Amino acid sequence: MKMGLNGKVSRILSRYGSFGVLLVLVIAMSLGTRSFLTVPNLINVARQVSINTIIAVGMTFIIITAGIDLSVGSLVALTSCVAMIIIEATGYSWLGICAGILLGGIAGAFNGVFVAAAGIPPFIVTLAGLTIYRGIALIITGGTPIIRFEGGFRTLGQGVLLGIPVPVIIMAVVVILMHFLLTRSAFGAHVYSVGGNEEASRLSGIKVGKVKFLVYVMGGMLTALAGMVLMGRLSSAQPNTGEGFELDAIAAVILGGTSLMGGRGTIWGTLVGALIIGILNNGFNLMAVDAHFQLVAKGVIILLAVLLDRYLKRKRA
């Protein structure tokens, strides 16, 4: 009876623990500052969370396959800089945006080839990508931000449709589409299978290398899309932007219940994790908490989330 009760508690924590953390956090921030629970601030939180969520959704697919991508921050910088250079040269925002997203897919393919075909650990491949993409961004811009205060690209970051910020709409579309891809398609089932047991997946006929390759391509394109949104929001492309984005994306995925060991995770959980990170940042800023302390708190939260994940994994076993 006791074991049965413990098992039920573990399942509840595994499924809904992140929602409970989010609820507690909202209550705590509401009590900590009156300006937190206001419509303008909540809209601001949603707008700020949108970029990390889009990146974290792609990261979710990668981590479910037991991979990792440390290059997303540098890729945000590279794709936005290339897009802005093309917009400056041609005057066509759509051309620059499409080129930026395509470049994100190419960079993801670069990561995927070395992970899937060469068998190099994802940590090493994407760590190399982190420095390569940042270096290219600095080279093509000369280390100087590219600023442009006009153009349709600004709609992605600053536009409003029916009272809802366009970045939030883009985030919602990405979350819904990727949720259905992960849970309602054969590809999604293969992603879970590869992360759960790679050898068994291979023996059952799943093309493991292809699945790994595609999740990195998808992650690269979603990261580039986030870069386009950020470019529109700032009305500029900066080669040094995106630093630390990989930390926030990985934190959102882990806090959302995705296992670093692979085989388990949800898009909705990642959205909740991104909201937790966004609310922490927003609440700390409203309460004038030191920025250095915010980094410490974020790191502690990630560590606790990993410990909880390992505990729940042992309980399920």
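Here the structure is shown first, and the text comes after it.
Residues numbered from 1 in each chain as written. Predicted model: local features only at pLDDT ≥ 70, side-chain atom pairs only at ≥ 80, totals over all residues. Heavy atoms only, no water.

Draft legend 1. Spotlight on the overall build of the chain. Assigned secondary structure in the chain consists of 13 helices and 4 strands. For 317 residues, the compact-globule estimate of 2.2 N^0.38 gives 20 Å, and the chain sits close to it at 20 Å. For the chain, the spread of C-alpha atoms along the three principal axes comes to 70 × 55 × 35 Å. Taking all 317 residues of the chain together, the buried fraction comes to 48%. Contacts in the chain between residues at least 24 apart in sequence constitute 79% of all its contacts with a sequence separation of at least 6. Of the accessible surface of the chain, which amounts to about 14900 Å², a share of 71% is contributed by carbon and sulfur atoms. Counting 22 positive and 10 negative side-chain charges, the chain places the averaged centre of each group 15 Å from the other. (Helix = DSSP H or I, 4+ residues; strand = E, 2+ residues; numbered from the N terminus. Rg over C-alpha atoms; globule rule 2.2 N^0.38 Å. Buried < 20%, exposed > 50% of the residue type's maximum accessible area, 1.4 Å probe, protein only. Contact = heavy atoms within 4.5 Å. Areas by Shrake-Rupley, 256 points an atom, 1.4 Å probe, with all protein chains shown as cover. Lys, Arg positive; Asp, Glu negative; His and termini not counted. Charge placed at Lys NZ, Arg CZ, Asp CG, Glu CD.)

Draft legend 2. Geometry of the packing of aromatic side chains. Tallied over the entire structure, the rule returns 5 aromatic pairs. For the ring pair F61 and F187, a centre distance of 6.5 Å and an interplane angle of 20 degrees mean the geometry is stacked. On the criterion of sequence distance, the pair formed by F61 in helix α2 (residues 39-64) and F187 in helix α8 (residues 186-196) is long-range, its members being 126 residues apart. Comparing F61 with F187 shows no difference in burial state: the two are buried. Both rings, one in F284 and one in F293, keep their centres 6.1 Å apart while their planes meet at 70 degrees; by these two values the pair is edge-to-face. The class for F284 is buried, based on a relative accessible area of 12%. By relative accessible area, F293 is classed as partly exposed at 46%. (Phe/Tyr/Trp six-rings, centres within 6.5 Å; stacked < 30°, edge-to-face > 60°.)

Draft legend 3. View of the environment of G232. By the element assignment, G232 lies in helix α10 (residues 208-234). With 58 residues separating them along the chain, G232 and V174 place their C-alpha atoms 18 Å apart. If we ignore the near neighbours within four places in the chain, the residues touching G232 are F153, R154, G157 and Q158.

Draft legend 4. Focus on unusual backbone geometry. Positive phi values are uncommon outside glycine, yet L162 reaches one of about 55 degrees. Here L162 lies in the loop between β2 (160-161) and β3 (164-165). Taking the relative accessible area as the measure of exposure, L162 reaches 81% and is therefore exposed. In the Ramachandran plot, A288 falls in the positive-phi region, its phi being about 60 degrees despite a non-glycine side chain. Summarising the element assignment, A288 is placed in the loop between α12 (267-286) and α13 (291-316).

Draft legend 5. Here's a closer look at the pattern of salt bridges. What the rule picks out here adds up to 4 salt bridges. R148 serves as the salt-bridge partner of E88, at 2.8 Å between the closest nitrogen and oxygen. Here E88 is found in helix α3 (residues 72-90), whereas its partner R148 is found in the loop between β1 (146-147) and α6 (154-158), with 60 residues between them in sequence. Judged by relative accessible area, which is 42%, E88 ranks as partly exposed. Residue classification places R148 among the buried positions, given a relative accessible area of 17%. In this structure, K212 and E198 form a salt bridge, with 2.9 Å as the shortest nitrogen-oxygen distance. Of the two residues, K212 is situated in helix α10 and E198 in helix α9 (residues 198-203); the sequence distance between them amounts to 14 residues. For K212, a relative accessible area of 16% gives the class buried. What makes E198 partly exposed here is its relative accessible area of 30%. Each of E198, E199, R202 and K212 takes part in salt bridges that share partners, so that together they form one network. (Salt bridge = Lys/Arg side-chain N within 4 Å of Asp/Glu carboxyl O.)

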